[in-house]
Each structure stands twice: as structure tokens, then as C-alpha cells.
Amino acid sequence: MPYDQQRILARAAREIEPGQIVNLGIGLPSQLFNYIPDEAQVLVHSENGILGGRPCHPDEAIDYDMIDAGGAYITTCPGASLFDSSMSFAMIRRGRVDVTFMGAFEVDEVGNLANWKIPGKFSPGIGGAMELAQKVRRLVIMCSHNDKHGNPKILHRCRLPLTAPRCVSRIITDKAVMDVTPQGLEVVDIAEGLSIEELRAATEASLIIDASRVGSY
Amino acid sequence: MTRLAQKLTTVEAAIARIPSGATLMVGGFGSPGTPFALLDELLAQGQDGLTLIKNDANEPGIGISRLIEAGRVSRLITSHIGLNRVAIEEMNEGRLSVEIYPQGILAEKIRCAGAGHYGFLTDIGLETDIGMPRREIECEGRNWALEPALRADFALVHAGLSDRYGNLIYNGTAANFNPLMAMAADEVIAQSFQVEEPGALSPTTVHTPCAFVSYLVQVPMSSSEQGRRAHAV
């Protein structure tokens, strides 16, 4: 079942504040690059060793020594720096990255995240996800609300091996924006045209919904 | 350590120092920083039973994937091999033993060996299963995972610019694991696109001081390969 990636991207872009240091995960989050306005003065961090990367314009010459952690060719923006992978992860572990965006297989009510391994099916490695999830100041998950068979991905408890426990701040799907709170998952926004009942039916996790405060996107 | 004046050598002579069964660190994160010319010579010379330590497995048909495809690698210590379906198949079929670490932990294990330490204490992955048995140590009232340092017999690294003594400068994101590995192996073989006379490099721009480099070979820029999966955002 195709899902509305544009809705997720446009909503996720509003999470980035001017002057922040931001990390964009592989896949859908990496497309956020194109939603960051130049005047925002945001520096995008990538695990291989760059702070201040940006996509090459179509007419720009490619430097084959310049990629982000997902393998995309990039160049630098004003204020950028280059360094080795150990320093790159020191930046992550010391909490110097303000916000990171990642995809997910499963997220649950207490903010547990599973996005690196499906035993027996998918185990290409951990990469930087575990350290980012555990140490970044704010972790925003961008994913489809349900998998391609329609099964919920927002669960009571994750069933797959965890990337990190209790690490997620906010979840943005094609159906809702949800915050992880001490009381549980609180719905911030519901996708335009979707009812509260439809959202609950598509979600395994219990949702806290105050209809008078919920926005749309 | 090799005398300064004797470091510059041929790719054949440098790679001939590596015996079968050796443990090798290989620089590079994806294609940038991968010492392609050194790896291709290693393939040509036929050493086998190798243990490779590299962030990733390159992509099918290039870099260390050629060695894996030729059956020369018995063990791979890495972080993420998602761009190489051949390596994943070899792993799943049990022909290639793969040890996987979180990326920054792998980098730090190498940096730690390069700094002459035994290991370090970390809380990364303490509450998750990283698939590896880890010793836990209590220190100052809380638990930590002990991560032993990771060393190697040889490191193969790539620099964009160097001098004859082996001072190295990396371009762009091609630094990645190279400066760490250049400190963590007993013998370090560096390849460089451009080798200048001592004095030509500004000392403040050197990334890896020549003290860490055993042998240096000059390779043509055409030996470099671009990842086929690399893409525009």
C-alpha cells in the first residue's frame, strides 16, 4: 500500500529549527535535505565525517570524494568542516547533534525503536543508528504508519531487536504525529481527512488523544 | 620502522609483504578513501585466509568485494554491509564469518589501539543486543561494557596527497577510517595520488604524520572506483 511520503517530509521539515545541527538517516529522512531553506543556517551532520553537507545542484561538478553516510554525492555549505569517523561519533555520543531523523520498522509506547535487524531476513549491520538513537538530544522517527501488508508499526511493545530503548521523542507517519510522553503516546496532529477512529484502528499502541488540541497536517 | 628515505616503493613490493592469514585494516567509508589499487594488487598476488577490518564491504565488483568474491577473506569485522548483496549472501551461506559493531564503536576500537591503549568503557548498546558477547565492568557506581582495542598486522590506507616521508592528507570525506587505521596497525601501507618532496606540504595541513606510515606507493587517479550505488539526493 503506497503511503504519502510528501506529507511526512513536509511535516518533518517543520521540526528543524534555524541554527541546529541535524543528522538525516538513510532513506526517507535523507530527502529532508531538499526541505531545508538556505536561510535556516542548519548544518547537516553525516556519520562518515562531515558537518555542513548539502546536496549537489544538478549543474554542479561531482567530487567523488564527497559522499554522505548513505552514499549520496554531496558538497559543503558555508561553515562546514570535515573530519574522521571517530570524531564524527564523538560529536554524536557527546550530544552535539541537536536532532536526528530516522526510519523505523517498529516504534512503541515508551519510545523503544527497532530499525536495524529482522532476524533471518534483514541484517546488513548496525551502522551509526544505535549510537545516534542512544545519544542524540532529540530523535524524530519518520515512517509509514503501517507496513505494506497493513500491519501496524506503532506498537504496544516492539517485537524486533531494539536499536535503542526509550530513545524516541516524536513519531511522524503518514497518518499522525505522536509524542512519546511519560503517560504514553500523545497524538499531536492527525493527517487531513483521517478520523480519530480510523487512526486508532490502524494503530496497535494506545493513543492519548485530546480532540480539542489535535492539529492536522 | 622503515627509514624515511626508503618508504616510497612499488605497489607490488609493498603488497608482497602481506602473508596469507594476515589481519588487515582497510580504509574507506563506501568508495571514498578505499585504497583500490592496493586491494587490486592483493587480489592479483593471491594471499588468502585474510581477516579484513573495514567499515563496509564496498559494493559488488569493487574494492574488498573482489577479495570476498574470490574467496580470499575468511573473516570480516565491519559495521554495515547493506550496499553489498554478495557479502550478505556469503555471510548468510556461512562462507564468510562477519562480526558487526556499531559504527562509532568500531571507529573507537581502532582509534584506541592506535593510541596505544588496551580498551575503553562505554554505555553504547548496554541495554540492547549487539550480537556480540561483551564483558561488563562496574566503575563509579554504574555498569559499562568493556570494548577491547582493535589492532591489525597491516593497514591499507588511501590519501589524496602526501610527501615521500609518508605524511598524508585526505580529501573530502575520504578521511573516514583512514587516519584511525594508520595508527592501529603494525605496518601501514599508504597509497597516494600525488607524492611530493618533503617540505612541499604545509605542516599544519598534514592529517597523518609520517611516523605512522611504513610504506608509500604512488597510484594513478584512474585506479579509483566510484560506487555504483552512489546517487544524488
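What comes next is a walk through the structure.

### Considerations on the sheet that holds strand β6 (residues 106–108) of chain A
All names here are of chain A.
- Pairing within the open sheet is mixed, and its three strands lie in the order β7-β6-β9. The open sheet has two edge strands with one neighbour each: β7 (113–114) and β9 (154–155).
- Sheet topology places β6 next to β9; two bridges connect them, and they run parallel. Bridge pairing in β9 places Val-107 opposite Ile-154.

### Things to note about the packing of aromatic side chains
- Tallied over the entire structure, the rule returns two aromatic pairs over all chains.
- Summarising the aromatic geometry, the rings of Phe105(A) and Phe122(A) are spaced 5.6 Å apart at their centres and angled 90 degrees between planes, so their arrangement reads as edge-to-face. A residue pair is termed long-range when its members are at least 10 positions apart, and Phe105(A) in the loop between β5 (99–102) and β6 and Phe122(A) in the loop between β7 and α3 (129–135) qualify at 17 residues.
- Relative accessible area serves as the criterion here: at 25%, Phe105(A) is assigned to the partly exposed category.
- Using a relative accessible area of 37% as the deciding quantity, one classes Phe122(A) as partly exposed.
- Just above the ring of Tyr217(A) sits the side chain of Arg7(A); from NZ or CZ to the centre is 5.9 Å.
- A cation over a ring is seen here: Arg142(B) above Trp144(B), with NZ or CZ 4.3 Å from the ring centre.

### Points about the nonpolar core
- With 34 residues, the main nonpolar core has Met102(A), Leu113(A), Leu139(A), Ile141(A), Val168(A), Ile171(A) and Met178(A) as its most contacted residues.
- Residue assignment for this core shows that the elements contributing at least two residues are α2 (85–93), α3, β8 (138–142), β11 (176–181) and β12 (184–190) of chain A.
- Ignoring anything within four residues of it in the chain, the contact list for Val168(A) reads Val107(A), Gly111(A), Asn112(A), Leu113(A), Leu139(A), Ile141(A) and Val180(A).
- Within the second largest apolar cluster, 33 residues are counted, among which are Ile105(B), Ile110(B), Leu180(B) and Val195(B).

### Things to note about the interface of chain B and chain A
- Between chain B and chain A, the residue contacts involve 38 residues of the former and 40 residues of the latter.
- With both chains or domains summed, chain B and chain A bury close to 3200 Å², and 62% of this area falls on carbon and sulfur atoms.
- At the surface where chain B touches chain A, the tally comes to three salt bridges.
- Across the pair Arg166(A) and Glu127(B) runs a salt bridge, and its minimum N-O distance is 2.8 Å.
- When residues of the side of chain B that touches chain A are traced back to their parent elements, those giving at least two are α4 (85–92), α5 (103–114) and α6 (178–184) of chain B.

### What about the side chain of Asp123(B)?
- Examined against the element boundaries, Asp123(B) turns out to sit in the loop between β5 (119–122) and β6 (135–139).
- With a relative accessible area of 15%, Asp123(B) lands in the buried category.
- Filtering out sequence-adjacent residues up to four positions away, Asp123(B) remains in contact with Gln134(A), Lys135(A), Arg142(B) and Trp144(B).

### Focus: unusual backbone geometry
- Its identity is not glycine, yet Asn58(B) carries a phi of approximately 55 degrees, on the positive side.
- Here Asn58(B) is to be found in the loop between β2 (50–53) and α3 (64–69).

### A closer look at the environment of Cys56(A)
Residues and elements named next belong to chain A.
- Position of Cys-56 relative to the elements: it lies in the loop between β3 (50–55) and β4 (74–82).
- Separated by 137 residues in the primary sequence, Cys-56 and Gly-193 have C-alpha atoms spaced 36 Å apart.
- Excluding residues that lie within four positions of it along the chain, Cys-56 makes contacts with Tyr-73, Ile-74 and Thr-75.

### Thoughts on the packing of α2(A) against α5(B)
- For the pair α2(A) and α5(B), interaxial distance at closest approach is 9 Å and the crossing angle is 125 degrees. Taken together, the axes of α2(A) and α5(B) are oblique relative to one another. The hand of the α2(A)/α5(B) crossing is left-handed. For the pair α2(A) and α5(B), the contacting residues are Ser85(A), Ser86(A), Phe89(A) and Arg93(A) in the first and Gln103(B), Gly104(B), Ile105(B), Ala107(B), Glu108(B) and Arg111(B) in the second.

Parameters and conventions
Position numbers for residues count from 1 along each chain, tracking the sequence in the order it is written. Chains and ligands are labelled by the order in which they are written, letters from A for the one and numbers from 1 for the other. Side-chain atom pairs in this predicted model are given and counted only at pLDDT of 80 or more, local residue features only at pLDDT of at least 70, and totals for whole chains, interfaces and linings cover all residues. To get the side-chain values, all heavy atoms of the structure are used, and hydrogens and water are removed first. Any two strands with at least two DSSP bridges between them are considered paired. Each helix is a run of H or I in the DSSP string that is no shorter than four residues. Each strand is a run of E no shorter than two, and both are numbered from the N terminus. Aromatic rings from Phe, Tyr and Trp, with only the six-membered ring used for Trp, were paired whenever their centres fell within 6.5 Å, and each pair was classed as stacked if the ring planes differed by under 30 degrees, edge-to-face if by over 60, and tilted otherwise. Exposure classes here rest on a 1.4 Å probe applied to the protein chains alone. A residue is buried below 20% of its type maximum, exposed above 50%, and partly exposed in between. In this analysis the charged atom, NZ for Lys or CZ for Arg, is taken to sit over a ring once it is within 6 Å of the ring centre and within 35 degrees of the ring normal. By convention a nonpolar core is built from buried Ala, Val, Leu, Ile, Met, Phe, Trp, Tyr and Cys residues, the set being connected through side-chain atoms within 4.5 Å. Two residues form a contact once any of their heavy atoms are found within 4.5 Å. As used here, buried area is the combined drop in accessible area, with a 1.4 Å probe, of two parts when they are placed together. Salt bridge, as applied in this entry: a Lys or Arg side-chain nitrogen positioned within 4 Å of an Asp or Glu carboxyl oxygen. For helices, the fitted line uses only the C-alpha atoms of the stretch in contact; every axis is such a line through C-alpha atoms, and the angle between N-to-C directions lies from 0 to 180 degrees. Under this scheme an angle from 65 to 115 degrees is roughly perpendicular, one under 35 degrees roughly parallel, and one over 145 degrees roughly antiparallel; angles in between are oblique. Throughout, a crossing is termed right-handed when the near helix is turned clockwise from the far one, and left-handed when it is turned anticlockwise from it by less than a right angle.

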